[in-house]
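Residues per chain, in single letters:
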Amino acid sequence: MNLSDDLNADLQNVFFADFNDVATIKGTEVVGFLDANAYQWADLDTNQHIFITALPPSISLQRNDTVTIAGQLYKYVTQRKQGAVTHIILSAN
């Protein structure tokens, strides 16, 4: 294991341990934080939310793919990478 692997493991085990939203993306459960009020601080439409996570690189999303969080369906819009963290922009149905 190298330093990058150690840092990513710490990010998952420490930082995201406080996040309790679980998204199902293409059959894979991903832990993160759903910010339903992101339109207040980010350049988003009012019906869009941000799911903040350390998205596994093996998951590739296409526009309008379905993402389920807490039983609610969302449509994938785009994503913005912020270092090891990914902001997934979702549209509420």
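Throughout, residues of each chain are indexed from 1 in the direction in which the sequence is written. Only residues with pLDDT of 70 or above have their local features reported here, since the model is predicted, and side-chain atom pairs are shown and tallied only from 80 upward, although totals for entire chains, interfaces and linings are computed over all residues. Heavy atoms throughout the structure, all of them, feed into the side-chain values; hydrogens and water do not.

(A) Highlighting the environment of Leu-34. If you trace the backbone, Leu-34 turns up in strand β2 (residues 28-35). Placed 53 residues apart in sequence, Leu-34 and His-87 show a C-alpha to C-alpha distance of 9.7 Å. Working rule for contacts: check all heavy atoms of both residues, and any pair within 4.5 Å makes them a contact. Not counting chain neighbours up to four residues away, the residues in contact with Leu-34 comprise Asp-21, His-49, Ile-50, Phe-51, Ile-69, Tyr-74 and Leu-90. Numbering of helices and strands runs from the N terminus, with a helix taken as a DSSP run of H or I at least four residues long and a strand as a DSSP run of E at least two residues long.

(B) Local environment of the side chain of Asp-35. Structurally, Asp-35 can be placed in strand β2. Buried and unpaired, Asp-35 has Arg-80 as its nearest opposite-charge partner, separated by 11 Å. Contacts described as polar in this section are N or O atom pairs within 3.5 Å, which, within protein, must combine one atom able to donate a hydrogen with one able to accept it, while residues neighboring in sequence count only if both atoms come from side chains. From its side chain, Asp-35 meets the backbone nitrogen of Ala-38 in a polar contact 3.1 Å long. The cut-offs for exposure are 20% and 50% of the maximum accessible area for each residue type, with area from a 1.4 Å probe on protein chains only; residues under the lower value are buried, those over the upper are exposed, and the others partly exposed. None of His or the chain ends enter the tally, which takes Lys and Arg as positive and Asp and Glu as negative. Throughout this description, the term salt bridge denotes a Lys or Arg side-chain nitrogen within 4 Å of a carboxyl oxygen of Asp or Glu.

(C) The pairing of strand β4 (residues 66-69), seen in detail. What you see with β4 is a clean split: Val-67 and Ile-69 sit on the buried side and Thr-66 and Thr-68 on the side with no burial. DSSP-based pairing: two strands are paired if at least 2 bridges between them are found. Pairing analysis gives 4 bridges linking β4 to strand β5 (residues 72-82), with the strands arranged antiparallel. Note that in β5 the partner of Thr-68 across the bridge is Leu-73. In this structure, the hairpin formed by β4 and β5 is closed by a connection of 2 residues, where Ala-70 is found at a positive phi of approximately 50°.

(D) Here's a closer look at the sheet that holds β4. Taken together, 6 strands build a closed barrel; the order of strands is β1-β2-β3-β6-β5-β4 and the barrel is antiparallel. The sheet shows a mean angle of 45° between the axes of neighbouring strands, taken without regard to direction. Orientation is described by lines fitted to C-alpha atoms, with helices fitted over the stretch in contact, and by angles between N-to-C directions that extend from 0 to 180 degrees.

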